[in-house]
Every structure is written in C-alpha cells, then in structure tokens.
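Here is what each chain is made of, one letter per residue.
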Amino acid sequence: MISEAFIPAVASLGSVALTLGLIIFYVSKKFHVEEDPMVLIVNDILPGVNCGACGYPSCGQFAEVLVETRDSSMSCPVGGADLASKLGTTLGITMAEPKPITAVVLCQGDNDTARQTAEYLGIQDCWAATQTYVGPKQCRYSCIGLGSCIAFCDFDAMRLENGLVVIDKDLCTGCAACISACPTGVLVMQEKKAERYFIACNSHDKGAATKKACDAGCIACQKCVKVCEDDAIVIENFLARIIQEKCTSCGKCIEVCPTKVNCIVLEQDLNEVKQKKAS
C-alpha cells in the first residue's frame, strides 16, 4: 500500500523533470552560439595563468576580446615580446610589444631599520597582524614582514629577508597578483628599466614621526626636489615621488638625501645595463 501511494508522486516528479529537460534542451539549441575556433587557438598560445595583468579576469576572456576586436594595443605582460609576436602572426596583425613591468616594494624597513612595536606571536599573516594593532613595526605604512603576499605569487618571485619582502625581478612576470594581498599598499607595479631610481618608502606621516619610526623613511625635506634639474621629483602628502618619465637617472637626488639609510634606491638590471652599454 505504501509503495502504491508513492507512484503518483514519482510519476508527477518524473513528468516535471522530463518537461524541464526538454525545455533546457530546446533553449540550448535555440540560443547556441558557435565559438570562433580562433579563440581556442589564441587561448592555447596564452600562458594560462589567469593573473589579470592584461586587464581581463582570465586568459580565455582576453582571447575572446582580442579575436573579436583585433586590437593590436592589447598585451600580455606575462608573455612578453615573444608572445606578442606569436599572437600577431596568428591573427595577421602587428601586436604592440608589451612594456615589461615588475612588482616593487616601497619600503626598506627590515627588522634592523624599522623600530618594532612589540614581538608579534599571532597568526603569521599581515592582515591578521593589522587587525589587532598597527603591526610589528611602528610605521603603519611599512611592509608588515609576515609574507601574506608570497602565497599569491605563482612564480616564486618573492621571499622574506629579515622581516621585509624581497622581489626577484628576474622571476617576477608583472602579473600583479600580489598587490591586493598587501594591507599597507607597499607593493606597486613599475616598468622594468635598466636603471631606475625610486623612493623606497610608503610613509605619509610628517618627517619627525617618520624618522622616529624608521631609519630609511622619507622625511619630505625637499632636498631631492631642489637638486633635480629635470623636475622629476615631487612631494605629495609628506612623501617624495619620482616621476619615471622625467627621470634621467643622474643620481643627484641620492647624493643629497639625508636619511640614515637612503630612502632613494637605484635599481639596476645588470643584463639590461650591459645591453644598453653595448649598443
């Protein structure tokens, strides 16, 4: 008797399922869009890391837009010039050569340079540390030094040294996945250059407070601004900034910087420097 009572219910559910299945089948056929095979070809050429450095959330979406628009200005920073050449050959267009970019740490406050607030024994996560207090270091703008960003790097381009994140420029692909992982904003993307000067500080406190917290902090003294003949340095919110497009790498700013540990850093890609001198 019990089994017979279930027969109408089962039959009713079965008919509903069949009806819905037929509707789904009809809709899928009616609105089916043929995918351009070129999208699959381009997608296979792309790195497949889905890092978002190109401005799209995935390599697949980048491929779709590129095939549809044939926009030669689109670029994949991870793939570089070789990938741009392959894409151009495949699509029959001349792709713009992407400018290599790399992540940069705007901080030199390692455990010897930055003053500590207290010994941190909590979860080894930068975000967790900043939820309880300013963090292990007095400067609230500094690299926390617990390495939360490292977990977001798929290319082993980041490591911790003495409480400070260090980036291997040879391994960094410029995917920018690490940027959002930093709670204090010390990670930024910059164009790779053979020689580049930049202010390795992120503090927006006034000079006295910055100097008290870190030996490498920019105190906004304006000496670098006054000595720069190319107007390539400006002070914004108590922090100096070098305008890369104007900087000629003369080095005069470093000579006048009064900080105990110079907050102006010269980065050199030795391979690019050699190629530059050879040419």
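Note on numbering: residues in each chain are counted from 1, in written sequence order. Where totals are concerned, whole chains, interfaces and linings use all residues; where local detail is concerned, this predicted model gives features only for residues with pLDDT of at least 70, and gives and counts side-chain atom pairs only at 80 or more. In computing side-chain values, all of the structure's heavy atoms are included and hydrogens and water are not.

**Examining the side chain of T173**
No. 1: Helix numbering and strand numbering both begin at the N terminus, where a helix is a DSSP run of H or I of at least 4 residues and a strand a DSSP run of E of at least 2. Tracing the chain through its elements places T173 in the loop between strand 3 (164-167) and strand 4 (187-191).
No. 2: For T173, the residues in contact, after removing those within four places along its chain, are P77, V78, I101 and F155. Here, residues are in contact when the closest pair of their heavy atoms is within 4.5 Å.

**Some words on the nonpolar core**
No. 1: Within the largest apolar cluster, 18 residues are counted, with the highest numbers of intra-cluster contacts made by V42, L46, F62, L66 and L87.
No. 2: Elements with a contribution of two residues or more to this core: helix 2 (37-45), helix 3 (59-69) and helix 4 (80-91).
No. 3: Looking at this core, the element that brings in the most residues is helix 3, giving 6 residues.
No. 4: Throughout, nonpolar core names a set of buried Ala, Val, Leu, Ile, Met, Phe, Trp, Tyr and Cys residues whose side chains join them through atoms within 4.5 Å. Categorising residues by exposure relies on relative accessible area from a 1.4 Å probe, with only protein chains included: less than 20% of the type maximum marks a residue as buried, more than 50% marks it as exposed, and the intermediate range marks it as partly exposed. The next biggest cluster of nonpolar side chains, apart from the first, holds 17 residues, and it includes V105, C149, C153 and A157.

**As for the environment of V166**
No. 1: Locating V166 in the fold gives a position in strand 3.
No. 2: Separated by 61 residues in sequence, V166 and V105 place their C-alpha atoms 7.3 Å apart.
No. 3: Not counting the four nearest positions on each side in its chain, V166 is found in contact with A157, M158, R159 and E161.

**Points about the state of the cysteines**
Here, the word disulfide means a covalent bond between the sulfur atoms of two cysteines.
No. 1: What counts as a disulfide here is a pair of cysteine sulfur atoms lying within 2.5 Å. Following the criterion strictly, the structure yields 0 disulfides and no others.
No. 2: Counting only cysteine sulfurs, C76 is the nearest neighbor of C54, a cysteine outside any disulfide, at a range of 6.4 Å.
No. 3: Left without a disulfide partner, C59 is nearest to the cysteine sulfur of C76, which lies 6.2 Å away.
No. 4: What makes C59 buried here is its relative accessible area of 11%.

**A look at the packing of helix 2 against helix 4**
No. 1: Interaxial distance between helix 2 and helix 4 falls to 10 Å at its minimum, and their mutual angle equals 165°. With respect to their mutual orientation, helix 2 and helix 4 come out roughly antiparallel. When the axes of helix 2 and helix 4 are compared, the crossing they make is right-handed. Between helix 2, through M38, I41, V42 and I45, and helix 4, the contact on the second element is made entirely by L83, K86, L87, T90 and L91. Axis lines are fitted through C-alpha atoms, for helices just across the contact stretch, and the angle between N-to-C directions can take any value from 0 to 180 degrees. Roughly parallel means an angle under 35 degrees; roughly antiparallel, over 145; roughly perpendicular, 65 to 115; everything else is oblique. For a crossing to be left-handed, the near helix must be turned anticlockwise from the far one by less than a right angle; the clockwise case is right-handed.

**Section: the environment of K169**
No. 1: Structurally, K169 is set in the loop between strand 3 and strand 4.
No. 2: For K169, a relative accessible area of 23% gives the class partly exposed.
No. 3: Separated by 11 residues in sequence, K169 and M158 have C-alpha atoms that sit 9.1 Å apart.
No. 4: Those residues in contact with K169 that sit more than four places away from it in its chain are T102, A103, V104, K192, R196 and E267.

**Re the environment of C218**
No. 1: Considering the arrangement of structural elements, one finds C218 in the loop between helix 6 (207-213) and helix 7 (223-227).
No. 2: On a C-alpha basis, the gap between C218 and I199 in space is 7.8 Å, while along the polypeptide they are 19 residues apart.
No. 3: Apart from the residues within four sequence positions on either side, C218 is in contact with I199, C201, T210, F238, L239, A240 and C263.

**Some words on a nonpolar patch on the surface**
No. 1: Taken together, V16, L20 and I23 make up a surface patch of nonpolar side chains, about 250 Å² in accessible area.
No. 2: Counting through the fold element by element, L20 comes out in helix 1 (residues 2-30). Each patch is built from residues that are more than 30% exposed by relative accessible area and take part in no salt bridge. Like charges join if they lie within 9 Å; nonpolar side chains (Val, Leu, Ile, Met, Phe, Trp, Tyr) join within 5 Å. In short, Shrake-Rupley with a 1.4 Å probe defines the accessible areas, and a residue's cover is counted only from the protein chains shown. Salt bridges are defined as contacts in which a side-chain nitrogen from Lys or Arg sits within 4 Å of a carboxyl oxygen from Asp or Glu.

**A few points about the pattern of salt bridges**
A side chain of one charge can pair with a side chain of the opposite charge when the charged atoms of the two come close.
No. 1: All chains considered together, the criterion is met by 7 salt bridges.
No. 2: Salt-bridge contacts for K169 lead to E267; the nearest nitrogen and oxygen are separated by 2.9 Å. Here K169, found in the loop between strand 3 and strand 4, pairs with E267, found in strand 8 (residues 264-268); they are 98 residues apart in sequence, far enough to count as distant.
No. 3: A salt bridge links E236 to R241; its shortest N-O distance comes to 3.1 Å.
No. 4: A relative accessible area of 39% places E236 in the partly exposed class.

**Points about the packing of aromatic side chains**
No. 1: A pair of Phe, Tyr and Trp rings is counted when the ring centres sit within 6.5 Å of each other, with Trp represented by its six-membered ring. The angle between the planes then sorts it: under 30 degrees is stacked, over 60 is edge-to-face, the rest tilted. One pass over the full model with this rule turns up 1 aromatic pair.
No. 2: Here the aromatic rings of Y56 and F62 are separated by 6.1 Å at their centres, their planes lie at 70°, and the arrangement is edge-to-face.
No. 3: By relative accessible area, F62 is classed as buried at 2%.

**Looking at the packing of helix 2 against helix 3**
No. 1: Helix 3 packs onto helix 2 with a crossing angle of 130° between their chain directions and a minimal axis gap of 9 Å. Relative to helix 3, helix 2 is oriented oblique. Regarding helix 2 and helix 3, the two cross each other, and that crossing is right-handed. Across from M38, V39, V42 and N43 in helix 2, the residues of helix 3 making contact are C59, G60, A63, E64, L66 and V67.

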